[in-house]
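Close look at the chain arrangement
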Amino acid sequence: MLIKEYRICMPLTTEEYRVGQLYTISKHSHQESEKGEGVEVVKNEPHEDPVHGPGQFTEKRVHLSSKLPSWARAVTPRIFYITEKAWNYYPYTITEYTCSFLPKFSIYIETKYEDNCGDSENIFHSDKILGDHEVSFLDIAFDEIPERYYRSLEDPRFFSSAKTGRGPLREGWRQHTKPIMCSYKLVSVKFEVWGLQTRVEQFVHKVIRDILLIGHRQAFAWVDEWCGMTMEDVRRYEQETQEATNELIGLVAPTISVSEVGQPTATHSAPASAPSTPLSDEAPEFLAPPKTRPRKKSAPETLTLPALRERTGAE
């Protein structure tokens, strides 16, 4: 298992981020869905935890079959999806990802949100962490993202909010911007396959880093769309969007409860804390043929997980 901590600052308060996060996840999931493919919402219901109190539980299935590159489609079942289970006890959330095709693969994410610039040390106090772990500060404005996911309208260096007056973000913005909050994410990646474990776990962390940057850039760039919404407003938007998304991918919409507190109805609970994983057409280097072997020109070279914007599926 490879554990890393990511800290992502945003020019928002934690209460603003709470609304913006739910709005961004719902909008992004709908944008990335189409007939037979996309994000299926299985459950979205209140849940009460004896330790963390009232929260919300969501379960989603990210259907990926047609989005997989040709080399991966050749070795995966026709029906392929990633299951996301999330428990939201804001400002603390838990998200788990498992794969229907790879039972030895999982991602576990604990997230805490605070109104500061990312300077809280040992915020998780986790018994699961043995020794030191890597801490990475992600800058939504100046850290690079894959070129294929770049959108000038979502670039915090140029975006200016008409409603809040925030932005553009300049060098050193985390030291002087007010308000500011930080999303602390403790990410554990496990792939228990001998000979591939280290390389796969490192590769997945690289993908997660890109996802976190892109998702948080979008949350800020879309601030004028969700600014002013209450939790009731965003839960209503979430319900309507989820029903539309399920209908889009050809599924019957589940009954969705949008109240914040309710009787326990699941073993855990909460909405997703990270957007869907990007997916590319190419296989990772560790799965590529040996360099001494001749290879077809069409052979893929890198692998990423669900696409953020453009559809892939190259042959």
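Quick look at the structure, then. (Residues numbered from 1 in each chain as written. Predicted model: local features only at pLDDT ≥ 70, side-chain atom pairs only at ≥ 80, totals over all residues. Heavy atoms only, no water.)

1. Things to note about the overall build of the chain
Counting its secondary structure elements, the chain contains six helices and eight strands. When the helices and strands of the chain are placed in sequence order, the string is β-α-β-β-α-β-β-β-β-α-β-α-α-α. Counting only residues that meet the buried cut, the chain has 52% of its 315 residues in that class. Long-range contacts, defined here as pairs at least 24 residues apart, represent 74% of the contacts in the chain between residues at least 6 apart. For the chain, the accessible surface area stands at approximately 15,200 Å², while carbon and sulfur atoms represent 53% of it. (Helix = DSSP H or I, 4+ residues; strand = E, 2+ residues; numbered from the N terminus. Buried < 20%, exposed > 50% of the residue type's maximum accessible area, 1.4 Å probe, protein only. Contact = heavy atoms within 4.5 Å. Areas by Shrake-Rupley, 256 points an atom, 1.4 Å probe, with all protein chains shown as cover.)

2. Focus: the sheet that holds strand β2 (residues 38-49)
Strands sit in the order β2-β3-β4-β5-β6-β8-β1-β7 across an open sheet of eight strands; the sheet is mixed. Of all strands in the sheet, those bounded by a partner on one side alone are β2 and β7 (134-138). Ignoring which end each strand starts from, the neighbouring axes of this sheet average 15 degrees apart. Here strand β1 (residues 2-10) pairs with strand β8 (residues 181-191) via nine bridges, running antiparallel. Across the sheet, the residue bridging to Ile3 is Ser188, located in β8. Seen against the sheet, helix α4 (residues 197-221) touches β1, β6 (105-114), β7 and β8 and runs at an angle of roughly 15 degrees to β1. (Pairing = 2+ DSSP bridges. Axes fitted to C-alpha atoms, helices over the stretch in contact; angles between N-to-C directions.)

3. Let's talk about the nonpolar core
Among the nonpolar cores identified, the biggest contains 53 residues, and Met10, Ile107 and Ile208 are the most heavily contacted of them. Elements with a minimum of two residues in this core: β1, α1 (14-31), β5 (92-99), β6, β8, α4, α5 (223-226) and α6 (231-248). With nine residues, the single largest contributor to this core is α4. Aside from chain neighbours lying at most four places away, what touches Met10 is Tyr17, Ile140, Trp173, Pro179, Ile180, Met181, His216, Ala219 and Phe220. (Core = buried A, V, L, I, M, F, W, Y, C linked by side-chain atoms within 4.5 Å.)

4. Some points on the pairing of β1
Counting buried positions along β1 yields eight of nine residues, so the element is predominantly enclosed. Strand direction decides the pairing type here: β1 and β7, joined by five bridges, are parallel. Looking at β7, one finds that Arg7 is bridged to Phe137.

5. A look at the pattern of salt bridges
Under the definition given, this model contains eleven salt bridges. A salt bridge links Asp155 to Arg157; the shortest N-O distance between them is 2.7 Å. The exposure class assigned to Arg157 is partly exposed, which follows from its relative accessible area of 29%. With its nearest N and O atoms 2.7 Å apart, the salt bridge here joins Lys206 to Asp210. Of this pair, Lys206 and Asp210 both sit in helix α4, four residues apart, roughly one helical turn. The class for Asp210 is buried, based on a relative accessible area of 7%. Three or more residues joined by partner-sharing salt bridges are found here, namely Asp143, Lys206, Arg209 and Asp210. (Salt bridge = Lys/Arg side-chain N within 4 Å of Asp/Glu carboxyl O.)

6. Notes on the environment of Ser161
Mapping Ser161 onto the fold places it in the loop between β7 and α3 (173-176). Judged by relative accessible area, Ser161 falls into the buried class, the value being 3%. Aside from chain neighbours lying at most four places away, what touches Ser161 is Arg166, Val223 and Asp224. A polar contact of 2.5 Å, which involves the side chain of Ser161, links it to the side chain of Asp224. (Polar contact = N/O pair within 3.5 Å; in protein donor to acceptor, adjacent residues only side chain to side chain.)

7. Topic: the environment of Ala141
On the secondary structure map, Ala141 appears in the loop between β7 and α3. You can call Ala141 buried: its relative accessible area is 3%. Sequence separation between Ala141 and Leu169 is 28 residues, and the spatial gap between their C-alpha atoms is 6.5 Å. Those residues within four positions of Ala141 in sequence are excluded, and the remaining contacts are Asp155, Pro156, Arg157, Leu169, Trp173 and Arg217.

8. Notes on the packing of aromatic side chains
As enumerated under the stated definition, the model contains six aromatic pairs in all. With a centroid separation of 5.1 Å and an interplanar angle of 45 degrees, the aromatic rings of Tyr17 and Tyr113 are classed as tilted. Of this pair, Tyr17 sits in helix α1 while Tyr113 is found in strand β6, placing the two residues 96 residues apart along the sequence. When the centroid spacing of 4.5 Å and the interplanar angle of 20 degrees are considered together, the rings of Tyr23 and Tyr237 count as stacked. Of this pair, Tyr23 sits in helix α1 while Tyr237 sits in helix α6; the two residues are 214 residues apart in sequence, bridging distant segments of the chain. When its relative accessible area of 7% is taken as the criterion, Tyr23 is described as buried. (Phe/Tyr/Trp six-rings, centres within 6.5 Å; stacked < 30°, edge-to-face > 60°.)

9. Describing the environment of Ile25
Tracing the backbone shows Ile25 in helix α1. A sequence separation of 190 residues divides Ile25 from Gly215, and the C-alpha atoms of the two residues are 8.2 Å apart.

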